Amino acid sequence: MLGSPYWNPKTETLTRAELDSLRLAKLRVLSRHAMASAHYRRTFAAAGFEPGQLRDLGDLRRIPLLTRAEWMRGQEANPPFGDLPVTTPEASIRVHTTSGTSGSTPLRAMDTRQDWAWVAEMWAYGLWGAGVRAHDTAYIAFGYGSFIGFWGLHDAAQRIGALVVPGGAQTTGSRLRQIIDFGVTVVASTPTYALRLAEEAVALGIDLPASPVRRLILSGEPAGSIPETRALIERAWGAAVHDTAGMTEVGTITTFECANHPGGMHIIEDQVIEEVLDPQTLEPVPYGVVGERVVTSFGRAGTPLLRYRTADLVERVPHEECACGRGFDLYRGGILGRADDMKLIRGTNVYPRAVEQIIRQFPEIIEFQVRFERAGIRDEVVVRVESGTGVPADLGRRLSEAHEGLKFRVEEAEPGTLPRFELKARRFVDTRTAPLGATR
């Protein structure tokens with residue numbers, strides 16, 4: 001394996017037919033295992049499904065979909081972990097929660113020792129695929145709280161043999177000094193915090209491009225796959241960006257960007273099944289069509305996950321679009337956004353990713369915030385930007401042209417007044433109770 005570009009050469013180079021055979025066998029085992037869950041016993045019975053019906057992968061669609069709302073209702077009815085797990089707290093070793101960026105109560109998940117070994121294994125696919133090796137020193141710019149975040153990456157870097165520096169409970173300046181002092185070659189953070197570190201480095205007179213850092217492993221936000229944002233990060237650090245995507249519900253990443261930088265992220269298909277469905281009809285969409293990703297995970301035994309609706313929007317393309325030799329399909333452009341992130345403003349759909357993509361074309365903008373507000377009988381979009389040179393003259397026009405002529409009110413914010421974020425950014429703030437014209 002040491003000279004291979006693949007963490008698991010045997011499975012990463014399987015043909016599609018071989019992958020399908022492997023995943024069908026795993027799906028049969030998983031569906032039988034899930035019968036120990038009160039939730040799945042109930043929903044399987046309601047759908048008329050039983051594991052013996054799985055004759056091919058197409059039969060996956062016999063299994064009912066799982067939503068976050070269902071998971072949360074089970075958690076509220078049977079606190080603290082709900083009726084989805086098949087394990088008990090006594091048999092588990094870890095508890096993690098969602099980041100709390102949506103909803104008032106975080107989703108809670110617990111893992112067994114076996115689960116946690118799998119979590120790290122999944123991250124190892126991504127780190128190794130990005131080129132991280134035992135000779136690297138990896139800095140984890142993460143708070144190490146109950147949010148699952150980069151916990152698995154930490155263990156995976158150790159599994160690879162890299163020297164790991166945990167960067168928890170420190171100021172941004174202290175983290176930067178450690179990155180320099182330890183000769184760090186790989187930094188892991190959210191895209192937002194990578195930019196925050198770069199901003200602070202300038203203030204402290206630290207020349208990041210001259211440092212030994214050569215790779216940034218990003219996760220937690222779609223911004224890592226927005227070309228304008230990643231270009232900004234790469235210029236600020238003088239290092240290559242490698243994007244990944246995961247979620248607390250799965251426990252780890254399910255996609256990663258390999259060293260070939262194919263313009264998308266490979267799905268770890270020997271470990272998960274990812275469907276792409278039309279969010280309205282719930283029918284599968286073909287390659288090249290944007291839809292909602294639905295995840296079935298083979299590795300988290302304590303809390304089985306079958307056909308979980310993520311609300312993430314993706315465009316799946318064949319594995320041949322990357323020359324790395326993996327048999328794993330890709331999501332072009334990574335996670336494109338969330339189905340529930342779209343904002344309706346005076347009849348126009350506004351997506352956060354599209355707005356950020358335009359704003360990041362102006363490198364003089366240090367930080368920004370977008371507010372959706374009610375002004376009398378009108379909905380308004382207010383864009384506040386921090387810049388050392390004032391509001392870019394062309395910003396409002398470009399935003400308007402990209403959104404059917406919708407007017408964006410662009411304002412300058414005083415330096416240092418907009419929020420900074422270590423984990424997931426909350427740059428888009430909707431103060432309205434409901435958009436005018438929305439169907440209720």
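Look up a bit, the structure's there.
In this text the structure is predicted, and so the values were computed from the model without any measurement.

Enquirer: Let's hear about the overall build of the chain: which residues, and what values?
Expert: The number of helices and strands found in the chain is eleven helices and 20 strands. For 440 residues, the compact-globule formula gives about 22 Å, and the C-alpha radius of gyration of the chain, at 22 Å, lands near that figure. Within the chain, counting contacts between residues at least 6 apart in sequence, those at least 24 apart form 69% of the total. Of the charged side chains in the chain, 51 are positive and 54 negative, and the gap between their average positions amounts to 3 Å.

Enquirer: Describe unusual backbone geometry, and please don't skip the residues or the numbers.
Expert: The linkage connecting P79 with the following residue, P80, adopts the cis geometry, with an omega of 0 degrees. With respect to the helices and strands, P80 occurs in the loop between α4 (68-77) and β1 (94-97). In this structure, H261 takes a positive phi of about 50 degrees despite not being glycine. Of note in this structure, A311 is not a glycine but carries a positive phi near 70 degrees.

Enquirer: Please provide a residue-by-residue account of the packing of aromatic side chains, values included.
Expert: Applying the stated criterion across every chain yields a total of nine aromatic pairs. Pairwise contacts between aromatic rings join W123, F142, Y144, F150 and W151 into one cluster. Its end group placed over the ring of W116, R94 keeps NZ or CZ at 4.1 Å from the ring centre. Here the basic side chain of R133 rests over the ring of W128, its NZ or CZ set 3.7 Å away from the ring centre.

Enquirer: Got a sec to walk through the packing of helix α7 (residues 172-181) against helix α8 (residues 191-204)? Specific residues and values, please.
Expert: In a pair of packed helices, the angle between the axes and the distance between the axes together describe the arrangement. For the pair α7 and α8, interaxial distance at closest approach is 10 Å and the crossing angle is 85 degrees. As judged from the angle between their axes, α7 and α8 are roughly perpendicular. Between α7, through T172, G173, R175, L176 and R177, and α8, the contact on the second element is made entirely by Y193, R196, L197, E200, A201 and L204. Along the lines of polarity and charge, the residues of the contact of α7 with α8 split into five nonpolar, two polar and four charged.

Enquirer: Pulling in residues and values, what's your account of the state of the cysteines?
Expert: Tallying each qualifying case throughout the model produces zero disulfides. In this model C324 remains outside any disulfide bridge; the closest cysteine sulfur is found in C322, 3.6 Å from its own. Take C324: its relative accessible area is 11%, and that puts it in the buried class.

Enquirer: Lay out the pattern of salt bridges with the relevant residues and their values.
Expert: Taken as a whole and assessed by the stated rule, the structure comprises 40 salt bridges. One salt bridge in this structure joins R300 and D111, with 2.6 Å as the shortest N-O distance. Pair noted here: R300 is in the loop between β11 (290-297) and β12 (305-317) and D111 is in strand β2 (residues 108-111), with a separation of 189 residues, a long-range link. Residue R371 pairs with E373 through a salt bridge whose shortest N-O separation is 2.9 Å. A residue is classified by how much of its surface remains accessible, and E373, at 22% relative accessible area, is partly exposed. Several salt bridges share partner residues, and in doing so they unite R16, D20, R23, E269, R316 and D329 into one network.

Enquirer: Can you lay out α4 for me, pointing to particular residues and giving the numbers?
Expert: One full turn of an α-helix is made of 3.6 residues, so residues set three or four places apart face in the same direction. Three or more residues of α4 are buried, namely W71, M72, G74 and Q75. End-on, the buried residues of α4 take up no more than an arc of 160 degrees, which puts them together on one face. Exposed and facing more than 90 degrees away from the buried side of α4 are R73, E76 and A77.

Each value, and the rule that gives it
Residues numbered from 1 in each chain as written. Predicted model: local features only at pLDDT ≥ 70, side-chain atom pairs only at ≥ 80, totals over all residues. Heavy atoms only, no water. Helix = DSSP H or I, 4+ residues; strand = E, 2+ residues; numbered from the N terminus. Rg over C-alpha atoms; globule rule 2.2 N^0.38 Å. Contact = heavy atoms within 4.5 Å. Lys, Arg positive; Asp, Glu negative; His and termini not counted. Charge placed at Lys NZ, Arg CZ, Asp CG, Glu CD. Phe/Tyr/Trp six-rings, centres within 6.5 Å; stacked < 30°, edge-to-face > 60°. Lys NZ or Arg CZ within 6 Å of the ring centre and 35° of its normal. Axes fitted to C-alpha atoms, helices over the stretch in contact; angles between N-to-C directions. Parallel < 35°, antiparallel > 145°, perpendicular 65-115°, else oblique. Nonpolar A, V, L, I, M, F, W, Y, C, P; charged D, E, K, R; others polar. Disulfide = S-S within 2.5 Å. Buried < 20%, exposed > 50% of the residue type's maximum accessible area, 1.4 Å probe, protein only. Salt bridge = Lys/Arg side-chain N within 4 Å of Asp/Glu carboxyl O. Arc of directions from axis to C-beta.

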